[in-house]
Amino acid sequence: ADGGTYVLAGGSVASLLQTALFGATKGKTQGKRVSLLFWRPLPADMQELAGMLAAGALRAVIDRRFKLAETDQALAWVAEGHVKGKVVVVPA
């Protein structure tokens, strides 16, 4: 959405560098603010996040689920830029 914030948390070195180098320019053209998040989680942090998730204070956004046999389709979905949350590949 216009005026939104794009936060990249984790990912490959290439995706982090790409966001750092081109994110501000792309964000301006799309009306978004771009920022990077660098975080080394501690066990206490993970416990707090798990509690917040269980309490409903956080919401995991799952864009699509794919079966393991559909992994090629999942990768294509991500590569095409359609993703609006996490893409999950399930073993069944």
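Everything discussed here concerns the structure shown above.
What comes next concerns the included structure. Just so you know, these numbers come straight off a predicted model, no measurement behind them. (Residues numbered from 1 in each chain as written. Predicted model: local features only at pLDDT ≥ 70, side-chain atom pairs only at ≥ 80, totals over all residues. Heavy atoms only, no water.)

## A word on the overall build of the chain
(1) Moving on: What the chain contains, in helices and strands, is 3 helices and 4 strands.
(2) Moving on: Taken from the N to the C terminus, the helices and strands of the chain come in the order β-α-β-α-β-α-β.
(3) Moving on: The contacts in the chain between residues at least 6 apart in sequence include a share of 36% that link residues at least 24 apart.
(4) Moving on: In the structure as shown, the chain presents an accessible area of about 7400 Å², 61% of it carried by carbon and sulfur atoms. (Helix = DSSP H or I, 4+ residues; strand = E, 2+ residues; numbered from the N terminus. Contact = heavy atoms within 4.5 Å. Areas by Shrake-Rupley, 256 points an atom, 1.4 Å probe, with all protein chains shown as cover.)

## Describing the pairing of strand β4 (residues 86-90)
(1) Moving on: Where strand β3 (residues 62-67) lies against β4, 5 bridges are found, and the strand directions are parallel. From the neighbouring strand, Arg64 faces β4, where its bridge partner is Val87.
(2) Moving on: Of the crossover connections in this fold, the one passing from β3 over helix α3 (residues 71-79) to the parallel β4 is right-handed. (Pairing = 2+ DSSP bridges. Right-handed = clockwise from strand over helix to strand, strands pointing away.)

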